[in-house]
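Structural features, examined
Chain residues, written in single-letter form:
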Amino acid sequence: GESVGLHLPTLSVQEGDNSIINCAYSNSASDYFIWYKQESGKGPQFIIDIRSNMDKRQGQRVTVLLNKTVKHLSLQIAATQPGDSAVYFCAEKREGTSYGKLTFGQGTILTVHP
Amino acid sequence: SAVISQKPSRDICQRGTSLTIQCQVDSQVTMMFWYRQQPGQSLTLIATANQGSEATYESGFVIDKFPISRPNLTFSTLTVSNMSPEDSSIYLCSGWGAPGTDTQYFGPGTRLTVL
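The text that follows walks through the structure, step by step, so that each part is easy to find. Being a predicted model, the structure only gives us computed values, none of them experimental.

**So, the overall build of chain A**
Across its full length, chain A holds zero helices and ten strands. Sequence-ordered secondary structure for chain A, helices as α and strands as β, is β-β-β-β-β-β-β-β-β-β. Relative to its length of 114 residues, chain A is compact, with a C-alpha radius of gyration of 14 Å against a globular reference of 13 Å. Counting only C-alpha atoms, chain A reaches 45 × 30 × 25 Å along its principal axes. Expressed as a percentage of its 114 residues, the buried residues of chain A come to 42%. Contacts in chain A between residues at least 24 apart in sequence constitute 57% of all its contacts with a sequence separation of at least 6. Accessible surface computed for chain A: about 5800 Å², of which carbon and sulfur atoms make up 48%. Put simply, chain A has 11 plus and 10 minus side-chain charges, and the middle of one group is 5 Å from the middle of the other.

Below is the structure:
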């Protein structure tokens with residue numbers, strides 16, 4: 001479905017801190033989840049994904065946690081850097097739909113202060 | 001991976017006119033999609049661009065307003081027809097199913113302003 005609201009949640013952190021960005025997804029039948037990073041004036045950039053048969057996946061400086069019981073997804077960024085400042089979106093794929101057809105969450109603005 | 005480019009990157013158009021946005025992928029992708037992102041908001045899927053056949057539209061979007069073409073596996077166009085100020089938005093093309101990856105990649109977007 002379409003996200004609503006003109007004001008995205010914001011998270012401000014100091015450089016070097018760990019960041020946690022949260023997302024509540026909408027459909028218990030979703031089986032695939034992705035985190036995207038969108039910098040100003042650019043398209044979304046893939047960060048990390050996770051399938052519903054997993055509850056944790058790690059990448060370089062990032063970790064995604066999935067709690068299917070409460071339909072919650074989180075993105076943890078270790079040692080946050082100013083270059084991590086962006087809007088972060090979670091996206092879900094509904095079971096039975098193609099891998100390319102995604103429903104996006106509201107988004108969170110991450111600001112990293114030097 | 002797949003690199004996706006869009007043209008134009010931005011445009012300012014008059015009410016009642018139409019604009020066609022082009023999307024080019026540097027490798028063959030199984031599926032291509034068009035999204036809209038209104039100012040300060042998230043992405044909403046407009047339609048799936050099907051090669052050689054009519055696009056599949058999401059609820060709230062119709063072919064007469066957003067005609068889409070996809071003549072081959074690397075190219076698609078989206079036309080925003082009979083524009084109004086409410087169509088001011090960023091339009092994003094994406095591709096999924098490039099060789100060796102199951103990640104969906106996005107183009108940089110086309111920023112449209114309708115006066």
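Now, onward.
**Here we look at the state of the cysteines**
Per the stated rule, a full pass over the model turns up two disulfides over all chains. For Cys23(A), the disulfide goes to Cys90(A), at an S-S distance of 1.7 Å. Here the residue Cys23(A) occupies a position in strand S2 (residues 19–24), and Cys90(A) occupies one in strand S8 (residues 86–94), the gap between them amounting to 67 residues. The exposure class of Cys90(A) is buried, given its relative accessible area of 8%. With its sulfur 1.9 Å from that of its partner, Cys23(B) forms a disulfide with Cys93(B). With the S-S bond torsion at -70°, the cross-link from Cys23(B) to Cys93(B) turns out left-handed. Of this pair, Cys23(B) sits in strand S3 (residues 19–25) while Cys93(B) sits in strand S9 (residues 89–96), and the two are 70 residues apart along the sequence. Cysteine Cys13(B) is unpaired, with the sulfur of Cys23(B) as its nearest cysteine sulfur at 18 Å.

**Things to note about the pairing of strand S4 (residues 45–51) of chain A**
All names here are of chain A. For strand S3 (residues 30–38) and S4, the ladder comprises six bridges, and the chain directions are antiparallel. The residue bridging Ile34 from the neighbouring strand is Asp49, located in S4. What sits between S3 and S4 in their antiparallel hairpin is a turn of six residues, with Gly41 showing a positive phi close to 80°.

**Here's the deal with the packing of aromatic side chains**
Scanning all chains against the criterion turns up ten aromatic pairs over all chains. Each ring, one from Phe104(A) and one from Phe106(B), has its centre 5.8 Å from the other, and the planes form 80°; the classification is edge-to-face. Here the residue Phe104(A) occupies a position in strand S9 (residues 103–104), and Phe106(B) occupies one in strand S10 (residues 104–106), the pair thus bridging two chains. This pair shows no difference in class: Phe104(A) is buried, exactly as Phe106(B) is.

**Re the nonpolar core**
Counting 27 residues, the largest nonpolar core has Trp34(B), Ile46(B), Phe66(B), Ile68(B), Leu78(B), Tyr91(B) and Leu112(B) as the members making the most contacts within it. Sorting the residues of this core by element identifies S3, strand S4 (31–37), strand S5 (43–49), strand S8 (75–80), S9 and strand S11 (110–114) of chain B as the ones contributing at least two each. Looking at this core element by element, the count peaks at four residues for S3(B). One finds Tyr25(A), Ile50(A), Val64(A) and Ala86(A) within the second-largest nonpolar core, a separate group that totals 19 residues.

**Here we look at the environment of Gln6(B)**
Residue and element names in this part refer to chain B. Relative to the helices and strands, Gln6 resides in strand S1 (residues 4–7). Taking the C-alpha atoms as reference points, Gln6 and Phe66, 60 residues apart in sequence, are found 16 Å from one another. Residues in contact with Gln6, not counting those within four places in the same chain, are Ile21, Gln22, Trp34, Tyr91, Leu92, Cys93, Gly107, Pro108, Gly109 and Thr110. There is a polar contact of 3.0 Å between the side chain of Gln6 and the backbone oxygen of Tyr91. In terms of polar contacts, Gln6 uses its side chain to reach the backbone amide nitrogen of Cys93, at 3.0 Å.

**Brief notes about the sheet that holds strand S5 (residues 56–58) of chain A**
All names here are of chain A. Taken together, the four strands give an open sheet; going across it, the order is S2-S7-S6-S5, and neighbouring strands pair in antiparallel fashion. Looking at strand neighbours, the two that pair on one side only are S2 and S5, the edges of this open sheet. In this sheet, adjacent strand axes meet at a mean angle of 15° when their direction is disregarded. The sheet contact formed by S2 and strand S7 (residues 72–77) spans six bridges and is antiparallel. Directly across from Cys23, in S7, lies its bridge partner Leu73.

The rules we used
- Residue indices follow the written sequence of each chain, beginning from 1 at its first position.
- Here chains are named by letter from A upward and ligands by number from 1 upward, in the order in which they appear as written.
- Since the coordinates come from a predicted model, pLDDT governs what is reported: local features require at least 70, and pairs of side-chain atoms require 80 or more to be given and counted, while whole-chain, interface and lining totals use all residues.
- As a rule here, side-chain values cover all heavy atoms of the structure and leave hydrogens and water aside.
- Helix and strand definitions here come from DSSP, where helices need a minimum of 4 consecutive H or I residues and strands a minimum of 2 consecutive E residues; each element is numbered from the N-terminal end.
- Radius of gyration here uses only the C-alpha atoms, and the compact-globule reference equals 2.2 Å multiplied by the residue count raised to the power 0.38.
- Exposure classes here rest on a 1.4 Å probe applied to the protein chains alone. A residue is buried below 20% of its type maximum, exposed above 50%, and partly exposed in between.
- Residues are treated as being in contact if the distance between any of their heavy atoms lies within 4.5 Å.
- The accessible surface values rely on the Shrake-Rupley method and a 1.4 Å probe; as for residues, cover is taken only from the protein chains in view.
- Residues scored as positive are Lys and Arg, those scored as negative are Asp and Glu, and His as well as the terminal groups of each chain are ignored.
- Where a charge lies is defined by one atom per residue type, namely NZ (Lys), CZ (Arg), CG (Asp) and CD (Glu).
- Cysteine sulfur atoms that pair up within 2.5 Å are treated as a disulfide.
- For two strands to be treated as a pair, DSSP must find no fewer than two bridges joining them.
- By convention, a stacked pair of Phe, Tyr or Trp rings (six-membered ring in the case of Trp) has centres within 6.5 Å and planes under 30 degrees apart, an edge-to-face pair has planes over 60 apart, and any other such pair is tilted.
- Only buried residues count toward a nonpolar core. Its members are Ala, Val, Leu, Ile, Met, Phe, Trp, Tyr and Cys residues joined through side-chain atoms within 4.5 Å.
- Here a polar contact is taken to be a pair of N or O atoms separated by no more than 3.5 Å, where protein atoms must pair a possible hydrogen donor with a possible acceptor and residues adjacent in sequence count only if both atoms sit in side chains.
- To define axes, lines are fitted to C-alpha atoms, for helices over the stretch in contact only, and angles between the resulting N-to-C directions are given on a 0 to 180 degree scale.

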